[in-house]
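Here is what each chain is made of, one letter per residue.
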Amino acid sequence: MLARVLPLDISIEPNSDGLPGIAQLKTLVGAAMTVGLILAVLGLIVSAIVWTTGSHSSNPHLAGRGKVGVLVALGAAVICGAAVTLVNFFWNIGQSV
């Protein structure tokens, strides 16, 4: 019978010095988050205008589209704002498995 040798204690941590360009990548991701938040605000403003226009013109389809746009813009803002926290949360759960 063959005995299987399994590594019992492997410890690998994230290494921010392992590859060149990590600092620039962090800057790029931060800029992408900023652009995402700005676009979410723009989407919220446009959707609120569409919702208002639809409500005042008795157009329920347009008003409904505006409501959905407001919810999507708010959801996008929550995801952009909480992205780092969500990734850290699931990283910590993965580390405890």
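Keep in mind it's a predicted model, so treat the numbers as computed, not measured.

Caption draft 1: Looking closely at the overall build of the chain. From N to C terminus, the chain includes two helices and zero strands. Expressed as lengths along the three principal axes of its C-alpha atoms, the size of the chain is roughly 80 × 40 × 20 Å. Taken across its 97 residues, the chain has 10% of its residues classed as buried. Long-range pairs, those at least 24 residues apart, make up 47% of the contacts in the chain between residues at least 6 apart in sequence. Carbon and sulfur atoms form 72% of the exposed surface of the chain, whose accessible area is close to 8,100 Å².

Caption draft 2: A look at the side chain of Ser-47. One can find Ser-47 in helix H1 (residues 22–56). Leaving out residues up to four positions away in the same chain, Ser-47 has contacts with Gly-66, Gly-69 and Val-70.

Caption draft 3: Region of the structure containing H1. Here H1 spans 51 Å end to end across 35 residues, near enough to the 51 Å set by a 1.5 Å rise per residue. Elements in contact with the buried residues of H1: helix H2 (60–96). Of the residues flanking the end of H1, it is Ser-58, one or two places downstream, whose phi is positive at about 55°.

Caption draft 4: Representation of the packing of H1 against H2 in the model. Running from amino to carboxyl end, H1 crosses H2 at an angle of 165°, the nearest separation of the two axes being 7 Å. When the axes of H1 and H2 are compared, the pair comes out roughly antiparallel. Where H1 crosses over H2, the two elements pack in a sense that is left-handed. Across the contact of H1 with H2, the residue classes break down as 16 nonpolar, nine polar and one charged.

Caption draft 5: Quick peek at the environment of Ala-40. Inspection of the secondary structure assignment puts Ala-40 in helix H1. Taking the C-alpha atoms as reference points, Ala-40 and Ala-76, 36 residues apart in sequence, are found 6.1 Å from one another.

Caption draft 6: Representation of the environment of Ala-63 in the model. With respect to the helices and strands, the residue Ala-63 is situated in helix H2. Ala-63 gets classed as buried once you look at its relative accessible area, which sits at 8%. Here Ala-63 is in contact with Trp-51, Gly-54 and Ser-55, once residues within four sequence places are set aside.

Caption draft 7: Representation of a nonpolar patch on the surface. Together, Leu-86, Phe-89, Phe-90, Ile-93 and Val-97 give the surface a local cluster of nonpolar side chains, amounting to about 550 Å² of exposed area. As for its position among the elements, Leu-86 is in helix H2. Using a relative accessible area of 42% as the deciding quantity, one classes Leu-86 as partly exposed.

Caption draft 8: Quick look at H2. Largest kink in H2: about 60°, centred on Ala-82. If you check which residues of H2 are buried, you get Ala-63, Gly-66, Gly-69, Val-70, Ala-73 and Cys-80.

Parameters and conventions
- Residues numbered from 1 in each chain as written.
- Predicted model: local features only at pLDDT ≥ 70, side-chain atom pairs only at ≥ 80, totals over all residues.
- Heavy atoms only, no water.
- Helix = DSSP H or I, 4+ residues; strand = E, 2+ residues; numbered from the N terminus.
- Buried < 20%, exposed > 50% of the residue type's maximum accessible area, 1.4 Å probe, protein only.
- Contact = heavy atoms within 4.5 Å.
- Areas by Shrake-Rupley, 256 points an atom, 1.4 Å probe, with all protein chains shown as cover.
- Expected span 1.5 Å × (residues − 1).
- Axes fitted to C-alpha atoms, helices over the stretch in contact; angles between N-to-C directions.
- Parallel < 35°, antiparallel > 145°, perpendicular 65-115°, else oblique.
- Left-handed = near helix turned anticlockwise from the far one by under 90°.
- Nonpolar A, V, L, I, M, F, W, Y, C, P; charged D, E, K, R; others polar.
- Patch = residues over 30% accessible without salt bridge, like charges linked within 9 Å, V, L, I, M, F, W, Y side chains within 5 Å.
- Salt bridge = Lys/Arg side-chain N within 4 Å of Asp/Glu carboxyl O.
- Bend = angle between axes of the 7 residues up to and from the residue.

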